[in-house]
Amino acid sequence: DEHGAVVQDLGGARVLISAGGTREEIDPVRFLANHSSGKQGFALAHAALARGAEVTLIAANVDLETPPGARRVEVLSAAELAEAVAAEREDADALVMAAAVADFTPAERAEEKIKKTGEDDVPVLALRRTEDVLAASVTDRRQRRGEAGAPAGTRVNPHVIVGFAAETGGEGRTSLELAREKARRKQADLLVFNDVSRGVFGAEDTAIEILDAEGADVDRAEGSKTAVAHAVLTQVASRLGNVRW
Ligand code: CTP
Ligand code: CA
């Protein structure tokens, strides 16, 4: 409010947040990684706690202090993150997938360090796809809804599923067009689009556009990662509204 106090509109809600970037091991000394710092996911955790939520933070390789009051689950790889989210999501009112999850992982991890042999020797790294945790969470909820034979309006957790999309645009498509398509494809309740065409990973300030499952505009926000986190959580709280947890 105008006095700086935060509205407790997530009071008692259980919010599951994935943050950071996964690492896929190639051999005992090497991995494939990405530039995600975990700052946005941790800002979401701080903001959700301030609004009264019970927060579980699945952190992949994040060098930041745990927000006081959050329960932190450490993971390294996309597979570990997938397992942790699957174990926690049925107990969460909202799932926020802020982590940058590897799309590809080495088909095989070498037991020993890969050595150079001949003068021009270059190894070929075979990759395979990882599980899409966000899409799997949406599918799993749809299946559990069906099994419950639930009357329309019955809550199946996570009641609100939020994805993130960092896009640069390309092949004649703007980043926003790609984000709208991704929103429709993923079928998360909300997709937070972040334009990274100018390279903003790790930056303090950011600008986002919140889309719904049809790819339509819900809200937009810019400024600190905290400001952006609150804009996202306002949408989460409004979708969780009218229920007792
Ligand atoms: N995500 C996920 N599991 C993956 C990859 C991504 O859960 N294996 C989630 C991210 O946490 C994010 C959302 O999906 O919330 C979108 O990630 P993004 O990388 O933008 O989408 P992708 O479907 O991987 O598409 P792209 O080919 O553009 O990387
Ligand atoms: Ca991806």
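What counts and how
- Each residue is numbered by its place in its chain's sequence as written, counting from 1.
- Whichever chain is written first becomes A and whichever ligand is written first becomes 1, with later ones labelled in order.
- In view of the model being predicted, local features appear only for residues whose pLDDT reaches at least 70, and side-chain atom pairs are presented and counted only at 80 or more, with totals across whole chains, interfaces and linings using the full set of residues.
- Hydrogen atoms and water are omitted, and side-chain values are computed over all heavy atoms in the structure.
- Here the rule is simple: two strands pair whenever DSSP picks up at least two bridges between them.
- The secondary structure listing takes helices from DSSP runs of H or I that are at least 4 residues long and strands from runs of E that are at least 2 residues long, numbered from the N terminus.
- Whenever a helix is involved, its axis is fitted only over the stretch in contact; in every case the axis is a line through C-alpha atoms, and angles between N-to-C directions fall within 0 to 180 degrees.
- Working rule for contacts: check all heavy atoms of both residues, and any pair within 4.5 Å makes them a contact.
- Each residue gets one of three labels from its accessible area relative to the maximum for its type: buried under 20%, exposed over 50%, partly exposed in between, using a 1.4 Å probe on protein chains only.
- Crossovers are described as right-handed under a simple rule: with the strands pointing away from the observer, the path leading from the first strand over the helix to the second runs clockwise.
- Put simply, a residue is near a molecule or strand once any heavy atom of it comes within 4 Å of that molecule or strand.
- The term polar contact refers here to a pair of N or O atoms within 3.5 Å; inside protein, the definition further demands a hydrogen-donor-capable atom paired with an acceptor-capable atom, and it admits residues adjacent in sequence only when both atoms are side-chain atoms.
- To be clear on the numbers: accessible area is Shrake-Rupley with a 1.4 Å probe, and residue cover counts the displayed protein chains and nothing else.
- Each residue receives one of three labels: charged for Asp, Glu, Lys and Arg, nonpolar for Ala, Val, Leu, Ile, Met, Phe, Trp, Tyr, Cys and Pro, and polar for the others, Gly being one of them.
- The criterion is simple. A nonpolar core is a set of buried Ala, Val, Leu, Ile, Met, Phe, Trp, Tyr and Cys residues joined through side-chain atoms within 4.5 Å.

### Topic: the sheet that holds strand β4 (residues 54-60)
Phase 1: Across the sheet, eight strands lie side by side as β5-β4-β1-β6-β9-β10-β11-β12; this open sheet has mixed pairing. Of all strands in the sheet, those bounded by a partner on one side alone are β5 (71-75) and β12 (217-224). For this sheet, the mean angle separating the axes of adjacent strands, direction not counted, is 20 degrees.
Phase 2: Of the strands in this sheet, β9 (160-167), β10 (190-195), β11 (205-212) and β12 touch helix α4 (residues 175-186), which is tilted by about 160 degrees from β10.
Phase 3: Strands β6 (94-97), β9, β10, β11 and β12 of the sheet are contacted by helix α5 (residues 225-240), whose axis makes an angle of about 150 degrees with β12.

### Considering the pairing of β10
Phase 1: Taking burial as the measure, the six residues of β10 include five buried ones, the bulk of the element.
Phase 2: Bridge count for β9 against β10 is six bridges, and the pairing is parallel. Residue pairing across strands places E167 opposite D195, the latter belonging to β10.
Phase 3: Read as a crossover between parallel neighbours, the route from β9 over α4 to β10 is right-handed.
Phase 4: Inspection of the sheet shows β10 paired to β11 by five bridges, in the antiparallel sense. Directly across from L191, in β11, lies its bridge partner L211.

### Here we look at the site of ligand 1
Phase 1: The local shell around ligand 1 holds 15 residues, among which M97, A99, L134, K182 and K186 are the closest.
Phase 2: Note that an oxygen atom of ligand 1 is positioned 3.0 Å from one of the side-chain N or O atoms of D103.
Phase 3: At 3.4 Å from a nitrogen atom of ligand 1 is found a side-chain nitrogen or oxygen belonging to T130.
Phase 4: Calculation on ligand 1 without its partners gives an accessible area of 580 Å², and the protein chains cover 76% of this total.
Phase 5: Sorting the residues of the shell around ligand 1 by element identifies α3 (133-147), β9 and α4 as the ones contributing at least two each.
Phase 6: For the shell around ligand 1, the residue count by class is eight nonpolar, two polar and five charged.

### Here's the deal with the nonpolar core
Phase 1: By size, the foremost hydrophobic cluster in this structure holds 35 residues, and its most contacted members are L10, I17, L44, V162, V232 and V236.
Phase 2: Counting residues per element, the ones that place at least two in this core are β1 (14-20), α1 (39-50), β4, β6, β9, β10, β11 and α5.
Phase 3: For this core, the leading source of residues is α5, giving eight residues.
Phase 4: Beyond its immediate chain neighbours, meaning those up to four positions away, V162 contacts L95, V96, M97, L134, L190, V192, V232 and V236.
Phase 5: Residues I58, V75, M97 and L134 belong to the second largest nonpolar core, which totals 17 residues.

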